[in-house]
Amino acid sequence: MKALLASICSIFAASAAGAAPVTVADNSTSLAGVAAATTALLLDAGLKPQNAGGGAFVLDAKNFHCDQHLNGALDASSVRAGLPTLKCRINSQNKRGTTAGQPFGEGRAMTELLQKVGSNPPGGAAFSDCGMGYCGIFAKSIKCTIDTKIGNFSNGGRWSCVFTDGQ
């Protein structure tokens, strides 16, 4: 159980690098599929694409925040014991237990993508701060661009995302 909790916390281990934007294109070899998946999640969450001109559209999720409780210390008779809970919001505050902003239903999928972005390269962007069975996950901005002039989805260049941490 302790190993499970340690691995969950290490997924979002904070680095001292500070707020740093990380750009991920859809043709990235080290982060294959991340830009397209992130774009799809933002569209599914109801963000409206903004026309940037020239066939480009932008989705910008500002202040993405999640509260994650690891629940490892719960009594084994609890149905939540050992299962992390996750509540996420956009246009939110980087504050534990906040209810500001709009709920973001695909939080698990987005935090997995943030984990990939934050660990490549190791010690890159920091999207979380964990301790005592709690992780606060925060991205100042997740901004994706869709280039609708590119019709061949296999060659790359259609999707690109910029992830800005805020820890």
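Every value quoted in this text rests on a predicted model; they were computed, and no experiment measured them.

Take the pattern of salt bridges next. Summed over the entire model, instances satisfying the criterion amount to one salt bridge. Here Asp60 ties to Lys62 by a salt bridge, and the two come within 2.8 Å at their closest N and O atoms. Judged by its relative accessible area of 26%, Asp60 is partly exposed.

It is worth spelling out the nonpolar core at this point. The biggest cluster of nonpolar side chains holds 31 residues, and the ones touching the most others in it are Leu42, Phe64, Met110, Leu114, Ile142 and Phe163. Every element with two or more residues in this core is listed here: β1 (21-25), α2 (34-44), β3 (56-69), β4 (85-90), α3 (107-118), β7 (134-147) and β8 (159-165). Residues contacting Ile142, with those up to four places away along its chain left out, are Thr38, Leu42, Leu59, Asp60, Ala61, Phe64, Met110, Leu114, Val162 and Phe163.

Let's shift gears to α2. Val34, Ala35, Thr38, Thr39, Leu41 and Leu42 are the residues of α2 that are buried. Here the buried residues of α2 occupy an arc of 160 degrees about the axis, which is enough to place them on one side. The inward-facing, buried residues of α2 contact β1, β3, α3, β7 and β8. One or two positions beyond α2, positive phi appears at Gly46, with a value near 95 degrees.

Of the strand pairs in this sheet, strand β6 (residues 128-131) and β7 are connected by four bridges, and their pairing is antiparallel. Among the inter-strand pairings, Gly131 is bridged to a residue of β7, identified as Tyr134. Counting the residues that bridge the hairpin from β6 to β7 gives two residues, and of these Met132 lies at a positive phi of roughly 55 degrees.

On to the environment of Gly107, then. Looking at the secondary structure, you find Gly107 in helix α3. Gly107 gets classed as buried once you look at its relative accessible area, which sits at 4%. Taking the C-alpha atoms as reference points, Gly107 and His65, 42 residues apart in sequence, are found 9.1 Å from one another.

With that settled, the discussion passes to the side chain of Asp147. With respect to the helices and strands, Asp147 occurs in strand β7. Notably, Asp147 is buried but unbridged: the nearest opposite-charge side chain belongs to Lys149, and the N-O separation is 4.3 Å. A polar side-chain atom of Asp147 sits 3.0 Å from the main-chain amide nitrogen of Lys149. Those residues within four positions of Asp147 in sequence are excluded, and the remaining contacts are Gly55, Ala56, Gly157 and Arg158.

About the thresholds
- Residues numbered from 1 in each chain as written.
- Predicted model: local features only at pLDDT ≥ 70, side-chain atom pairs only at ≥ 80, totals over all residues.
- Heavy atoms only, no water.
- Salt bridge = Lys/Arg side-chain N within 4 Å of Asp/Glu carboxyl O.
- Buried < 20%, exposed > 50% of the residue type's maximum accessible area, 1.4 Å probe, protein only.
- Core = buried A, V, L, I, M, F, W, Y, C linked by side-chain atoms within 4.5 Å.
- Helix = DSSP H or I, 4+ residues; strand = E, 2+ residues; numbered from the N terminus.
- Contact = heavy atoms within 4.5 Å.
- Arc of directions from axis to C-beta.
- Pairing = 2+ DSSP bridges.
- Lys, Arg positive; Asp, Glu negative; His and termini not counted.
- Polar contact = N/O pair within 3.5 Å; in protein donor to acceptor, adjacent residues only side chain to side chain.

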